[in-house]
Amino acid sequence: MNTSQSGIHPRHGLDEVIHAPVRFSIVATLAAADKAEFGFVRDTVEVSDSVLSRQVATLEKAGYVAVTKGYVGKRPRTWLALTPDGRAVFAAHCQALRAIADTAADR
Amino acid sequence: MAEYASKDAMAALARAQELRSTVRDGTKWYAWYQVIFGGAAAVMVLSIGLISRPYGVAIGCGMWVAVISGLSVYAARQRVARLGFQRRHASLIIVGGLLYGGVLSAGLIWFPGVVAWWVPGALLVALPGLIGGYLETRQ
C-alpha cells in the first residue's frame with residue numbers, strides 16, 4: 001500500500017525551506033560535496049552573490065547549512081557545507097519527490 | 001494539479017542529478033592529487049633505498065617536502081571537496097604511511113641497496129595513491 005492510498009500524500013514529506021527552487025539547488029549542490037566555496041555554489045546554481053547570500057542565510061537559520069570563513073593566502077574565502085540535519089532533511093525531501101514522481105508513474 | 005506536481009518532482013530530481021554531476025566534475029582534482037602523492041612516495045622510497053647516503057635521503061626527502069608543499073597549495077586552492085573527502089584523505093595518509101614505514105624499515109635493516117626489494121617496495125608504497133586516483137576517476 002502506498003502513501004497516497006493510505007491518505008497521506010507524499011507532498012507532506014517535502015521540506016518547506018528546501019522546496020524553493022534556488023534553495024533546493026543550493027542544497028543539492030552541497031549534498032554532493034563535503035564543502036564548497038561560495039563562488040563555486042554561485043556559479044553552479046547560476047545566481048548572483050546577493051541572491052546566494054540571502055538564500056544561504058535562510059538555510060543557515062534553519063540549521064541546514066554551515067558557513068565557514070577563512071583565508072587562502074591573503075584571499076578571504078567563504079565555505080558552505082550541509083549540516084547533518086540538512087543532509088537528513090534533503091534525503092527525506094528527495095524521497096518525497098521520488099514518491100510523488102512514482103504516484104504519477106503508477107497511474 | 002497532482003499531474004503538475006509529479007512533473008515538478010521529476011524536474012527537481014533531474015536538477016539534483018545534474019548538480020551532482022557538476023560537483024563531481026569539480027572534485028576530479030583529487031584524482032591527480034592522489035596519483036602525484038603515490039608517485040612521489042615511490043620516488044622517495046627508491047631514492048632512500050638505492051642512492052648512497054646521505055644523498056639518497058637528502059634527495060628523497062627534499063623532493064617529498066617540495067611535492068607535499070605543492071600538493072597542499074593545490075588542494076587549498078580548490079573550490080570544492082568531494083563527499084567523504086576527509087575520510088578518504090585520512091585513509092590515504094594512514095595506509096600510505098604504514099606501507100612506507102614497513103618498506104623503509106625492512107629495507108634499511110635487511111635489504112640495503114637491493115633493487116629486488118626497493119623497486120617492488122616503491123610500487124607498493126605508490127599503490128594507495130594510484131588506486132585512489134583510479135577510483136576517483138571512476139566515481
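Residues numbered from 1 in each chain as written. Chains lettered and ligands numbered in written order. Predicted model: local features only at pLDDT ≥ 70, side-chain atom pairs only at ≥ 80, totals over all residues.

> Is there a simple way to think about the overall build of chain A in this case?
Helices and strands together make up the secondary structure of chain A, namely five helices and three strands. Starting at the N terminus and ending at the C terminus, chain A contains elements arranged as α-α-β-α-α-β-β-α. Restricting the contact set of chain A to residue pairs at least 6 apart, pairs at least 24 apart contribute 56%. (Helix = DSSP H or I, 4+ residues; strand = E, 2+ residues; numbered from the N terminus. Contact = placed C-beta atoms within 7 Å.)

> Can you walk me through the packing of helix α2 (residues 29-50) of chain B against helix α3 (residues 55-76) of chain B in this structure?
Each pair of packed helices gets described by two things: the angle between the helix axes and the distance between those axes. Residue and element names in this part refer to chain B. Put simply, α2 and α3 touch, their axes get as near as 7 Å, and they point 170° apart. The orientation of α2 relative to α3 falls into the category roughly antiparallel. In this structure, α2 contributes Tyr33, Ile36, Phe37, Ala40, Val43, Met44, Ser47, Ile48 and Leu50 to the contact, and α3 contributes Gly56, Val57, Ile59, Gly60, Met63, Trp64, Val67, Leu71, Tyr74 and Ala75. Looking at the contact of α2 with α3 residue by residue, the classes come out as 16 nonpolar, three polar and no charged. (Axes fitted to C-alpha atoms, helices over the stretch in contact; angles between N-to-C directions. Parallel < 35°, antiparallel > 145°, perpendicular 65-115°, else oblique. Nonpolar A, V, L, I, M, F, W, Y, C, P; charged D, E, K, R; others polar.)

> I would appreciate a short explanation of the UniProt feature "transmembrane region" (unreviewed entry) in chain B in the present structure.
Residue and element names in this part refer to chain B. Within this numbering scheme, the UniProt entry marks residues 30-51, 57-77, 89-111 and 117-135 as carrying the feature "transmembrane region" (unreviewed entry). When the span residues 30-51 is considered, its composition is 95% helix and 0% strand, and the gap between its end C-alpha atoms is 31 Å. The span residues 89-111 is 96% helical and 0% strand by assignment, and the distance between its end C-alpha atoms comes to 31 Å. (UniProt positions renumbered as here; feature names shortened; annotations may be inferred.)

> Would you mind showing me how to read the packing of α2(B) against helix α4 (residues 85-110) of chain B here?
All names here are of chain B. Contact geometry for α2 and α4: axes closest at 11 Å, N-to-C directions at 15°. Judged by the inter-axis angle, α2 sits roughly parallel to α4. Seen from above, α2 lies across α4 with right-handed handedness. Note on element contacts: α4 touches α2 through Leu92, Gly96, Tyr100, Val103, Leu104 and Gly107, opposite Gln34, Phe37, Ala41, Val45, Ile48 and Gly49. Partitioned by chemical class, the residues of the contact of α2 with α4 number eight nonpolar, four polar and no charged. (Left-handed = near helix turned anticlockwise from the far one by under 90°.)

> What is the right way to look at the UniProt feature "domain: Winged helix DNA-binding" (unreviewed entry) in chain A in this model?
The UniProt feature table records "domain: Winged helix DNA-binding" (unreviewed entry) at residues 22-100 of chain A. Overall, residues 22-100 of chain A shows 61% helix and 27% strand. The separation of its end C-alpha atoms is 20 Å.

> Help me out: how do you make sense of the pairing of strand β1 (residues 33-37) of chain A in this one?
Two faces, one strand: in a regular strand the side chains alternate between the faces of the sheet. One ladder, built from three bridges, connects β1(A) with strand β1 (residues 80-82) of chain B; its direction is antiparallel. If you follow Ala33(A) over to β1(B), its bridge partner there is Arg82(B). (Pairing = 2+ DSSP bridges.)

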